[in-house]
Amino acid sequence: MAPGRFTELFFLDEVTALAAGHRPCAECRRSDYNRFSDLWLGLHPGQIGADAIDAQLHGERLAAGKRERVLHEAGYSELPDGTFVLEAGEPRLVLGRQLLTWSPGGYRDGRRRPRHGCATVITPPSLIAILRNGWRPSVALLHPSSGRLSR
């Protein structure tokens, strides 16, 4: 790896990577990156290329000049599947009518998603928009454990 070129990152699934504020790699996942970039450009006219995308995402996930995570507020009813929220100090995946608790090994103990009220959202707003606009990567969008709990 050449310093400053890219970082090797591995996530449980695609929605976990999005919650962390990352896009598909332009080198190892070129077709996903190209499709993602097309969606991105439709949502952010004029923001072309990885540097522009990364700058936007950096500003949405970290407080300016600090290393503090930025969380956002949104209504539960506004959140698409694949969004992460923070509840009782734990990250939870929004999936249908449920919130599934995230763990490094998969999802567990789903609970009912509130129909009203405001959520503390982990996933950056631009990536929520990507999910809302039909993002379907070639890698697993959701870890298989999400299917056992979402029924």
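Residues numbered from 1 in each chain as written. Predicted model: local features only at pLDDT ≥ 70, side-chain atom pairs only at ≥ 80, totals over all residues. Heavy atoms only, no water.

Enquirer: Now, about the overall build of the protein chain: what can you tell me, with residues and values included?
Expert: When helices and strands are counted, the protein chain shows 5 helices and 6 strands. Starting at the N terminus and walking to the C terminus, you meet the elements of the protein chain as α-α-α-β-β-β-β-β-β-α-α. For the protein chain, the C-alpha radius of gyration of 15 Å lies close to 15 Å, the compact-globule estimate for 151 residues. In the protein chain, which comprises 151 residues, the share counted as buried stands at 42%. The contacts of the protein chain with a sequence gap of at least 6 include a subset with a gap of at least 24, amounting to 61%. Of the roughly 8500 Å² of accessible surface on the protein chain, 53% is carried by carbon and sulfur atoms. Here the protein chain contributes 20 positively and 16 negatively charged side chains, and the mean placements of these two sets differ by 5 Å. (Helix = DSSP H or I, 4+ residues; strand = E, 2+ residues; numbered from the N terminus. Rg over C-alpha atoms; globule rule 2.2 N^0.38 Å. Buried < 20%, exposed > 50% of the residue type's maximum accessible area, 1.4 Å probe, protein only. Contact = heavy atoms within 4.5 Å. Areas by Shrake-Rupley, 256 points an atom, 1.4 Å probe, with all protein chains shown as cover. Lys, Arg positive; Asp, Glu negative; His and termini not counted. Charge placed at Lys NZ, Arg CZ, Asp CG, Glu CD.)

Enquirer: I'd like a rundown of the sheet that holds strand β4 (residues 98–103), residues and numbers included.
Expert: What the 6 strands build is an open sheet, ordered β1-β6-β2-β3-β4-β5; its pairing is antiparallel. With one partner strand each, in any of the chains shown, β1 (72–75) and β5 (106–112) form the two edges of the open sheet. Strand-to-strand, the axes of this sheet are offset by a mean angle of 45°, without reference to chain direction. Pairing between strand β2 (residues 84–87) and strand β6 (residues 118–121): 2 bridges, direction antiparallel. (Pairing = 2+ DSSP bridges. Axes fitted to C-alpha atoms, helices over the stretch in contact; angles between N-to-C directions.)

Enquirer: Help me get a handle on the packing of aromatic side chains, residues and values and all.
Expert: Going through the model one piece at a time under the given rule, you end up with 3 aromatic pairs. Centroid distance Phe36 to Trp40: 5.9 Å. Interplanar angle 25°. Geometry classified as stacked. Placement of the pair is Phe36 and Trp40 together in helix α2 (residues 30–43), with a separation of 4 residues, close to one helical turn. Taking the relative accessible area as the measure of exposure, Trp40 reaches 0% and is therefore buried. With centroids separated by 6.4 Å and ring planes inclined at 35°, the aromatic side chains of Phe84 and Tyr107 adopt a geometry described as tilted. Taken as a pair, Phe84 in strand β2 and Tyr107 in strand β5 lie far apart in primary sequence, 23 residues in all. The same class applies to Phe84 as to Tyr107, namely buried. Every member of this aromatic cluster is reached through a ring pair, and the members are Phe36, Trp40 and Trp135. (Phe/Tyr/Trp six-rings, centres within 6.5 Å; stacked < 30°, edge-to-face > 60°.)

Enquirer: Talk me through unusual backbone geometry; I want residue IDs and the actual numbers.
Expert: Backbone geometry places Ala88, a non-glycine residue, at a positive phi of 50°. Residue Ala88 is classed as exposed on the basis of its relative accessible area of 81%. Its identity as a non-glycine residue notwithstanding, Asp109 has a phi of 25°, on the positive side. Counting through the fold element by element, Asp109 comes out in strand β5.

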